Amino acid sequence: MADEVGALLNEVGNILAQDRAYPLDGTFLYVEAEPQSVSASIFKDLGDHLLYRFPNEALNAVLLELWEAEPVKKRWTAMQYVIDGDRFTTSFSFDRLDPEVSTITRRQAILDQRYGNKQVVYPPIW
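Peer 1: Is there a simple way to think about the pairing of strand β1 (residues 27-34) in this case?
Peer 2: For a regular strand, side chains alternate in direction, first toward one face of the sheet and then toward the other. Along β1, 7 of the 8 residues are buried, which leaves the element largely enclosed by surrounding structure. Two strands pair when backbone bridges link them, and β1 and strand β2 (residues 37-45) are joined in this way by 8 bridges, in the antiparallel orientation. Bridged to L29 within β2 is I42. Taken together, β1 and the strand that follows it, β2, pair antiparallel across an intervening segment of 2 residues, in which Q36 is found at a positive phi of about 65 degrees. Two strands pair when backbone bridges link them, and β1 and strand β4 (residues 78-84) are joined in this way by 5 bridges, in the antiparallel orientation. Bridge pairing in β4 places E32 opposite A78.

Here you go:
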């Protein structure tokens, strides 16, 4: 089980590394998961601001696989994945998510806690 989770966490990093338009160092991934669904947000720390990057299907598939790899009673509700240099760290939350609070609101609170009032630049929606 631990080997599978470790391999999947490495695969998350490999997928994030495929975005060569911006440096991998300073990448922050926030994920919320539930049965058959993940909501992932990728942010690149570019010094004076954060740049939002859209997750791709491959990332979402690996994140769902990662979530499902855990025993049902030990599945996380949210994950933070941070790339610093050539290493990554993860932290997991197992607290039940408040259905009255949106993912966007929770994500913004995490960004505020982590980066203060650093501006987030979102790309245009097609």
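Peer 1: Sorry if this is basic, but what is going on with helix α3 (residues 103-115) here?
Peer 2: Since there are 3.6 residues in each turn of an α-helix, residues three or four apart along the chain are aligned in direction. The first and last C-alpha atoms of α3 sit 18 Å apart over 13 residues, in line with the 18 Å expected at 1.5 Å per residue. Burial in α3 covers these residues: R106, R107, I110, L111 and Y115. The buried residues of α3 all sit within an arc of 140 degrees when viewed along its axis, so they share a single face. Two residues or fewer past α3, G116 is found with a positive phi of approximately 70 degrees.

Peer 1: Teacher, can you tell me more about the side chain of Q80 here?
Peer 2: Its place among the elements puts Q80 in strand β4. By relative accessible area, Q80 is classed as buried at 19%. In contact with Q80, not counting residues within four places along its chain, are F28, L29, Y30, T89, T90, S91, I110 and R114.

Peer 1: Could you clarify how one ought to interpret the pattern of salt bridges in this entry?
Peer 2: Opposite charge on two side chains allows them to pair when their charged atoms are near. By the definition in use, this model includes 3 salt bridges. A salt bridge links R53 to D19, with the nearest nitrogen and oxygen atoms 2.8 Å apart. With R53 in strand β3 (residues 49-53) and D19 in the loop between α1 (2-17) and β1, the pair connects residues that are 34 residues apart, well separated along the chain. Ionic pairing is found between D45 and K118, a salt bridge with its closest N-O pair at 2.9 Å. Of this pair, D45 sits in strand β2 while K118 is found in the loop between α3 and β6 (119-121), placing the two residues 73 residues apart along the sequence.

Peer 1: Just checking my understanding: could you explain the packing of aromatic side chains for this structure?
Peer 2: Two numbers describe a pair of aromatic rings. These are the distance of the centres and the angle of the planes. A complete count under the given rule lists 7 aromatic pairs for this structure. An angle of 50 degrees between the planes, with centres 5.6 Å apart, marks the rings of W76 and F92 as tilted. Here F92 lies in strand β5 (residues 87-93) and W76 lies in the loop between α2 (57-69) and β4, a separation of 16 residues in the sequence. For W76, a relative accessible area of 2% translates into the label buried. Look at F92 and you get partly exposed, because its relative accessible area is 32%. Clustering of aromatic rings is evident, with ring pairs tying together F28, F43, Y52, F54, Y115 and Y122. For R75, the ring lying beneath its charged end belongs to W67, and the centroid distance is 4.6 Å.

So, how was this worked out
- Residues numbered from 1 in each chain as written.
- Predicted model: local features only at pLDDT ≥ 70, side-chain atom pairs only at ≥ 80, totals over all residues.
- Heavy atoms only, no water.
- Buried < 20%, exposed > 50% of the residue type's maximum accessible area, 1.4 Å probe, protein only.
- Helix = DSSP H or I, 4+ residues; strand = E, 2+ residues; numbered from the N terminus.
- Pairing = 2+ DSSP bridges.
- Expected span 1.5 Å × (residues − 1).
- Arc of directions from axis to C-beta.
- Contact = heavy atoms within 4.5 Å.
- Salt bridge = Lys/Arg side-chain N within 4 Å of Asp/Glu carboxyl O.
- Phe/Tyr/Trp six-rings, centres within 6.5 Å; stacked < 30°, edge-to-face > 60°.
- Lys NZ or Arg CZ within 6 Å of the ring centre and 35° of its normal.

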